[in-house]
Amino acid sequence: MIAIVAVERGWGIGLDGGLLLRNPLDMRRFKERTMGHPVILGRRTLESFPGGKPLPGRDNLVLSRTLEAAPAGARLFRDVDSLLAAAAADSFVIGGGEVYRQLLPYCDEAQVTYVDAALPADTFFPDLDAHPDWALTEAEGPYETPEGHPFWFRLYRRRERP
Ligand SMILES: NC(=O)c1ccc[n+]([C@@H]2O[C@H](COP(=O)([O-])OP(=O)(O)OC[C@H]3O[C@@H](n4cnc5c(N)ncnc54)[C@H](OP(=O)(O)O)[C@@H]3O)[C@@H](O)[C@H]2O)c1
């Protein structure tokens, strides 16, 4: 599985239930990369989408213990094990913080949009630069957000296990 995420300098990813900044180029990339693939997300991330609706054109696998039923276009999973049993290898883990933390051990690639700015955040992605299992293998950029923050599309890969 592949994790896909946008982070700021301190690996913050969200604030007050929403994203940290507007980044249309990153949104376009996210759509191109995930379209046609299953996406795995937590209930709070689902609620952050417009109208609380699943992403179109993608099989949405939602983790929740509290939702009574999945909205149209989504499948509901009550725990990580049942989700893993149903998730194809080409699935993208799309957040948020809780879900990334639990599913990163099952990912072998992380596509990280790295925004070089210190932005306030209350939700975080694990710092892959400080993580012995992960290596930065590619970077494309810099590009610029509408507010003028430089950003890169970075690719991290899980190091070969000995
Ligand atoms: N920058 C980015 O790339 C990016 C991407 C995605 C999200 N975000 C941001 O991240 C924030 C949301 O992240 P978050 O950590 O608060 O929430 P989250 O991971 O989106 O969702 C957490 C919810 O998922 C369910 N869940 C988690 N683990 C589960 C398990 N093992 N079994 C069953 N259900 C499980 C629970 O739902 P129930 O409470 O219903 O049981 C839990 O409350 C928002 O600010 C969002 O904008 C940022």
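Before any of the text, the structure's been laid out above.
Residues numbered from 1 in each chain as written. Predicted model: local features only at pLDDT ≥ 70, side-chain atom pairs only at ≥ 80, totals over all residues.

Topic: the pairing of strand β6 (residues 92-95)
Bridge count for strand β1 (residues 2-7) against β6 is 2 bridges, and the pairing is parallel. Each residue of the ladder has a partner; that of I2, found in β6, is F92. Note that strand β3 (residues 39-42) and β6 share 3 bridges and pair parallel. By the bridge assignment for β6, V39 is matched with F92. (Pairing = 2+ DSSP bridges. Helix = DSSP H or I, 4+ residues; strand = E, 2+ residues; numbered from the N terminus.)

Focus on the site of the ligand
By nearness alone, 28 residues border the ligand, and G14, G42, G95, G96 and G97 come closest of all. Contributions of two or more residues to the shell around the ligand are made by β1, β2 (12-14), α2 (43-48), β6 and α4 (97-103). Split by residue class, the shell around the ligand holds 9 nonpolar, 13 polar and 6 charged. (Near = placed C-beta within 6 Å. Nonpolar A, V, L, I, M, F, W, Y, C, P; charged D, E, K, R; others polar.)

What to know about unusual backbone geometry
Glycine aside, residues mostly have negative phi angles, and peptide bonds mostly take the trans form. The omega angle of the peptide bond from G95 to G96 is 0°, so this bond is cis rather than trans. Structurally, G96 can be placed in the loop between β6 and α4. A cis amide bond, omega 5°, links G141 with the succeeding residue P142. Notably, D16 is not glycine yet its phi reads approximately 50°, a positive angle. By the element assignment, D16 lies in the loop between β2 and α1 (24-34). Owing to 9 C-beta atoms within 10 Å, D16 belongs among the exposed residues under this scheme. (Buried ≥ 20, exposed ≤ 12 C-beta atoms within 10 Å, placed from the backbone.)

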